[in-house]
Amino acid sequence: TRTAPRRISVIGTGYLGATHAACMAELGFDVLGLDVDQAKIDALSSGRLPFYEPGLEEILSRNLADGRLRFTTSYDEVAEFADVHFVCVGTPQRADSNAADLTYLDAAIDALGPRLTRPAVVIGKSTVPVGTAACAAARLQTLAPAGRDVELGWSPEFLREGFGVEDTLRPDRIVIGTDSPRVEEAMREVSAAQIEQKIPFLVTDLQTAELVKVAANAFLATKISFINAMAEVSEAAGADVMQLAKALSYDDRIGGKFLGPGLGFGGGCLPKDIRAFMARADELGVEPALSFLREVDAINQRRRARTIDIARTLIGGGFAGRTVGVLGASFKPNSDDIRDSPALDVASTIASLGATVTVYDPEALDNARRVHPELKYAHTMVEAVRDAEVVLLLTDWAEFRDADPDELAKVVAERRIVDGRNALDPAHWRARGWIYRALGRP
Ligand code: UGA
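Cut-off values and rules
Residues numbered from 1 in each chain as written. Predicted model: local features only at pLDDT ≥ 70, side-chain atom pairs only at ≥ 80, totals over all residues. Core = buried A, V, L, I, M, F, W, Y, C linked by C-beta atoms within 7 Å. Buried ≥ 20, exposed ≤ 12 C-beta atoms within 10 Å, placed from the backbone. Helix = DSSP H or I, 4+ residues; strand = E, 2+ residues; numbered from the N terminus. Domains from an automatic or database assignment. Contact = placed C-beta atoms within 7 Å. Arc of directions from axis to C-beta. Nonpolar A, V, L, I, M, F, W, Y, C, P; charged D, E, K, R; others polar. Expected span 1.5 Å × (residues − 1). Near = placed C-beta within 6 Å. Pairing = 2+ DSSP bridges. pLDDT = per-residue confidence, 0-100.

## Points about the nonpolar core
Membership of the largest hydrophobic core comes to 128 residues, with the highest contact counts inside it found for I11, V326, L327, A347, I350, V391 and L392. With 11 residues, helix α10 (residues 206-237) is the single largest residue contributor to this core. Counting contributing residues per domain, this core is built from domain 1 (7-204) and domain 2 (302-438), each supplying no fewer than three. Once you skip the residues sitting within four places of it in the chain, I11 turns out to touch L34, V78, H85, F86, V87, C88, V89, A108 and L112.

## Focus: helix α2 (residues 38-45)
Taken as a whole, α2 has its buried residues at K40, I41 and L44. With its buried residues spanning 100° around the axis, α2 presents them on a single face. Exposed and oriented more than 90 degrees from the buried face of α2 are Q38 and A39. Each element contacted by the buried residues of α2 is listed here: α1 (15-26), β2 (30-34), α3 (56-65) and β3 (69-72). After α2 finishes, the residue G47 shows a positive phi value of roughly 85°.

## What to know about the domain arrangement of the protein chain
Looking at the protein chain, the domain boundaries give domain 1 (7-204) and domain 2 (302-438). Using C-alpha coordinates to define each centre, domain 1 is positioned 38 Å away from domain 2. Counting residues at the interface gives five residues for domain 1 and seven residues for domain 2. Broken down by class, the residue content of the side of domain 1 that touches domain 2 amounts to three nonpolar, one polar and one charged.

## So, helix α6 (residues 132-143)
End to end, α6 covers 16 Å across 12 residues, agreeing with the expected 16 Å (1.5 Å per residue, within 8%). Listed as buried for α6 are T132, A133, A136, A137 and L140. Along α6, the residues classed as buried sweep out an arc of 130° about the axis, all on the same side. Every exposed residue of α6 that faces more than 90 degrees away from the buried side is listed here: A138 and T142. For α6, the secondary structure elements touched by its buried residues are α5 (103-112), β5 (120-124), β6 (150-154), β7 (174-177) and α10.

## A look at the site of the ligand
Around the ligand, the structure places 22 residues, and the nearest of them are E161, G260, F265, C269 and K332. For the shell around the ligand, the elements supplying multiple residues, two or more each, are α10 and α12 (270-283). If you tally residues by element for the shell around the ligand, the top one is α10, at three residues. Here the residues of the shell around the ligand sort into 10 nonpolar, seven polar and five charged.

## Topic: the environment of L202
Take L202: it is sitting in strand β8 (residues 201-204). Residue L202 is classed as partly exposed on the basis of its 13 C-beta neighbours within 10 Å. C-alpha separation for the pair L202 and V165, spaced 37 residues apart in sequence, amounts to 21 Å. Once you skip the residues sitting within four places of it in the chain, L202 turns out to touch R173 and V175.

## Structural notes on the environment of L105
Checked against the element boundaries, L105 lands in helix α5. Each C-alpha atom of the pair L105 and E151 lies 16 Å from the other, and the pair is 46 residues apart in sequence. Setting aside residues no more than four positions away along its own chain, L105 makes contact with V87, V89, T91, S126, V128 and A136.

## Focus: the sheet that holds strand β9 (residues 323-327)
The strand order across the open sheet built from six strands is β11-β10-β9-β12-β13-β14, with neighbouring strands paired in parallel fashion. Looking at which strands have only one partner, the edges of the open sheet turn out to be β11 (376-377) and β14 (435-438). Looking at chain direction, β9 and strand β12 (residues 390-393) are connected through four bridges and run parallel. The residue bridging V324 from the neighbouring strand is V390, located in β12.

## Description of unusual backbone geometry
Positive phi, normally seen in glycine, also occurs at N334, with a value near 60°. Within the secondary structure, N334 sits in the loop between β9 and α14 (342-352). Exposure remark for N334: the 20 C-beta atoms within 10 Å place this residue in the buried category. Phi is positive for D340, which is not a glycine, with a value near 45°. Tracing the chain through its elements places D340 in the loop between β9 and α14.

## Observations concerning the pairing of β7
Neither face of β7 is open: one carries I174 and I176, the other V175 and G177, and all of them are buried. Pairing of β7 with β8, which is carried by four bridges, proceeds in the parallel orientation. Within β8, the residue paired with I176 across the bridge is V203.

## Side note on the confidence of the model for the protein chain
When the pLDDT values of the protein chain are averaged, the result is 96; 99% of them are 70 or greater. Reported for the predicted complex are a pTM of 0.95 and an ipTM of 0.98.

## Brief notes about the pairing of strand β4 (residues 84-87)
Side chains V84 and F86 project from β4 onto one buried face, and the interleaved H85 and V87 project onto a second face that is buried too. In this sheet, β4 lies alongside strand β1 (residues 7-11) in parallel orientation, the contact comprising four bridges. Residue pairing across strands places I11 opposite V87, the latter belonging to β4. Judged from the four bridges that link them, β4 and β5 form a sheet pairing that is parallel. The residue of β5 that forms the bridge with V84 is V121.

Structure below.
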């Protein structure tokens, strides 16, 4: 029932932008994606994703072939092509503090603004400190020849890596922060398919929209650290945190999602977002309101140390000269992302203590090899654990959940396993002669 497909641009084609661009084309829009990284644009233009995301490469190739999707490095082209621009650039943690680095966002606004000679709508999707969007809106109007006819709204993105396509096409909700009817109208138009599916569409002010995103990630991080704190207590008290979590999950008010105890959270979002959120609260003069997030972070870090302690105890002493097999390198399954990966943090610490550590991961080996040359890498699970005196399962890939204890027993030096993700059935592994240890369980 939609009218002629509308042209949109997507500025920044990293994880978020590439997914957004391909999915908008899939929904029938004419999409031009921009990145300043020529190599990224070359890869995307030839249908190759610079990262792993199930299902996305097919959508990319199909829409490239159908001519609905193109990529460029030219801001002139983008400004000429579209009147609705999505800004999806990265906002990583600053090197010198916990705050968010807004360099890429500022650069995008500064490059796009002076080229906007017609009325345009700019919609930010990046995760930003509350207050950023209002500044960006003012700056755009100052820079743009079209002046006040260039309006900016903020629509945070909630997609999870590994579920990027599904989360973009069928998000839990769409939030648009704006007080401009024109921005709201443009957002309704690009969200028509989701609105038709009765997906909640919320209009807020700019600040609230920015906050929704960081509040959601802070809540998720808190939920994970809560159950991991319960795991710490369970370890001391001889209780079983898996049974505890299951019993809690039947309370609808609590729910079972993100209540999985283990090595804790990593990745390019949760850890940096809670730190940037604390830094922003400090600037706003409400530092105590978020001081609990410091604990959330600390609990999360302690899980890594605890995993190493359990492994040390299992092999009966120091790691020097020992052989360790590690299953998992990505920060979570179905991803090749190793940013702040708990698995690689643990593996690399053990290597620094003198062990020979061999890592296997279904997707993240190339990324891991680049950043962690001190580790050894294997191309199969069995090769990674060959001669190992202890095996550590650190990322909960389905392949590891389905591992056959008898198969691995044939090649290890000792049948000892630390299940850092509570992914295995302890009774099954123990019955096959393994010494099995996990976080938060007897
Ligand atoms: C997270 C949010 O879930 C998304 O909604 C958000 O859009 C995204 O950040 C973002 O800000 O861009 P993502 O980083 O892809 O998504 O990863 P999650 O699926 O949230 O997992 C985060 C970490 O928590 C992983 O290391 C995972 O292993 C860990 N986790 C998750 C647990 O330790 N226990 C659980 O029960 C669940």
